[in-house]
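Topology and contacts: notes
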Amino acid sequence: MKVLKVPPIEDGTVIDHLPPWTALTVLRILGINEEKKYRNDLLVTTSMNVKSKRFKRKDFIKIENRELKPEEVDKIAVIAPKATINIIREKEVIKKWKVELPETIDGIISCPNDSCISNDKKEPISSIFNRETIEGELLRFRCEYCGKTIYPDDISKYIK
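Notes on the structure in this doc start here. The structure displayed is predicted, hence computed values, not measured ones. (Residues numbered from 1 in each chain as written. Predicted model: local features only at pLDDT ≥ 70, side-chain atom pairs only at ≥ 80, totals over all residues. Heavy atoms only, no water.)

**A short note on the packing of aromatic side chains**
Counting across every chain of the model gives zero aromatic pairs. Lying over the aromatic face of Trp97, Lys95 brings its terminal NZ or CZ to 4.8 Å of the ring centre. (Phe/Tyr/Trp six-rings, centres within 6.5 Å; stacked < 30°, edge-to-face > 60°. Lys NZ or Arg CZ within 6 Å of the ring centre and 35° of its normal.)

Rendered as structure tokens:
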């Protein structure tokens, strides 16, 4: 069997330990599809549903010549709370950390309740969701205003 290896990147970001089949959602929330129109230096490598020692399966993304902003990392944490971010410079990892899912998620998720005040275009209110966990396991996100819940498997539909 021939194995295709992914070359290291010179400078940029590696997003590792994504749940299987979530890499395309991460690329969408990072706006990578829009950037391709403007950046010829942006090289993106995506692997999906690959074997992992730590998890059974995972996705990962390598983005050459781009470092993530804190608000982008927060969005990734919402759909991949066990992801790891690696900042690469001159082919060396200079910073590595696990994303942290905050207790309160402000302005990242749209409420699925059309009647929620956070969806009213006339009101300058951003959505606020509180995460609900039991024994450290994420159960769901609950809207601060209307109480509507979103479950982790559905969260990607509501990311702004």
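Past the structure itself, the notes keep going.
**Describing the environment of Asn130**
The topology assignment puts Asn130 in strand β7 (residues 128-134). For the pair formed by Asn130 and Ile105, sequence separation is 25 residues and the distance between their alpha carbons is 6.3 Å. Not counting residues within four places of it along the chain, the set of residues in contact with Asn130 comprises Glu103, Thr104, Arg140, Phe141, Arg142 and Glu144. At 3.2 Å, the side chain of Asn130 forms a polar contact with the side chain of Thr104. (Helix = DSSP H or I, 4+ residues; strand = E, 2+ residues; numbered from the N terminus. Contact = heavy atoms within 4.5 Å. Polar contact = N/O pair within 3.5 Å; in protein donor to acceptor, adjacent residues only side chain to side chain.)

**Side note on the environment of Glu64**
Topologically, Glu64 is positioned in strand β3 (residues 57-64). Residue classification places Glu64 among the buried positions, given a relative accessible area of 12%. Taking the C-alpha atoms as reference, Glu64 lies 13 Å from Val6; in sequence the two are 58 residues apart. Setting aside its immediate chain neighbours within four residues, Glu64 contacts Ile9, Glu10, Asp11, Gly12, Asp41, Leu42 and Leu43. For Glu64, the side chain forms a polar contact with the main-chain nitrogen of Glu10, separated by 3.1 Å. (Buried < 20%, exposed > 50% of the residue type's maximum accessible area, 1.4 Å probe, protein only.)

**What to know about the side chain of Ser118**
Mapped onto the fold, Ser118 is located in the loop between β6 (104-106) and β7. In contact with Ser118, other than residues within four places in its own chain, are Cys111, Ile125, Ser126, Ser127 and Tyr145.

**Things to note about the pairing of strand β8 (residues 137-143)**
Pairing of β7 with β8, which is carried by six bridges, proceeds in the antiparallel orientation. Of the residues in β8, the one forming a bridge with Ile134 is Glu137. Count of turn residues in the β7/β8 antiparallel hairpin: two residues, of which Glu135 carries a positive phi of about 50°. With two bridges joining them, β8 and strand β9 (residues 149-150) adopt antiparallel strand pairing. Within the sheet, the bridge partner assigned to Phe141 lies in β9 and is Ile150. Once β8 ends, the chain turns through five residues before running back antiparallel as β9, passing Gly147 with a positive phi of about 85°. (Pairing = 2+ DSSP bridges.)

**So, unusual backbone geometry**
Positive phi outside glycine occurs at Asn49, with the angle close to 55°. Summarising the element assignment, Asn49 is placed in strand β2 (residues 44-51). On the accessibility criterion, Asn49 (23% relative accessible area) is partly exposed. In this structure, Asn65 is a non-glycine residue whose phi angle is positive, near 65°. With respect to the helices and strands, Asn65 occurs in the loop between β3 and α3 (70-79). The partly exposed category is assigned to Asn65, whose relative accessible area is 32%.

Any link to function would need more than the numbers given here.
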